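This is what each chain is made of:
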Amino acid sequence: MVAALMAIGMILPIKPTIVIHAQPIHCQLPDTFSLKWRHSVEKQYWQEVYQLHYPDLILTKTYLQTFGAGTPNLGEPTRAPDGYLGQLVNLPMDELNWLVSHNMQGEIVMGDAVEANPAIMPIHQMIEDRSVVNVRPEKLTVWQYITLPRCKAMTNGTNG
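Since this is a predicted model, take the numbers as computed values, not measurements.

A look at the sheet that holds strand β11 (residues 131-140)
An order of β2-β1-β11-β8 is seen for the four strands of this open sheet, with the pairing classed as antiparallel. The strands lining the two open edges of the sheet, one partner per strand, are β2 (25-29) and β8 (96-100). Averaged over all adjacent pairs, the angle separating strand axes in this sheet is 25°, with direction ignored. As paired elements, strand β1 (residues 15-22) and β2 share five bridges and run antiparallel to each other. Counted as the bridge partner of I18 is L29 from β2.

In structure tokens:
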């Protein structure tokens, strides 16, 4: 009986998790993470905070160092990291397809960027220039959840 239950746990999807797919990266993100990059025109950092609300990712907040032409500003103000302005957004998405170039210095921040000393994954240094990073919620089996690496293991462990 125990063996049958274990076998079922190995094949039935049960654990909603956020997964990154980017050659050569395939790992699990925490339930809250941020995308951070340098804007191509403004040359200032932008950050977007996402949270898992299966089956969606929710863009909960944005943090911008400056406002310029085309900058979204529909959200209510919220607390932000030093040097940033914050807005509440709450926009559901089924997945993200993020084009990462070396020039934009894209990073994935584990957790919300207002947390003290978040772990940073310098994804722009880990993949080929102008690669697409796919981020989406998936239901993993117990086996997948145990064996798929955590993205935090690929970070520099410091804030940036």
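Observations concerning the pairing of strand β4 (residues 45-53)
The element β4 is largely enclosed, with a buried count of seven among its nine residues. Pairing between strand β3 (residues 32-38) and β4: seven bridges, direction antiparallel. Counted as the bridge partner of L35 is E48 from β4. Where β3 hands over to β4, the hairpin turn is made up of six residues, of which K43 adopts a positive phi near 60°. Pairing of β4 with strand β5 (residues 56-64), which is carried by eight bridges, proceeds in the antiparallel orientation. For Y50, the partnering residue across the bridge sits in β5 and is L59.

About the criteria used
Residues numbered from 1 in each chain as written. Predicted model: local features only at pLDDT ≥ 70, side-chain atom pairs only at ≥ 80, totals over all residues. Heavy atoms only, no water. Pairing = 2+ DSSP bridges. Helix = DSSP H or I, 4+ residues; strand = E, 2+ residues; numbered from the N terminus. Axes fitted to C-alpha atoms, helices over the stretch in contact; angles between N-to-C directions. Buried < 20%, exposed > 50% of the residue type's maximum accessible area, 1.4 Å probe, protein only.

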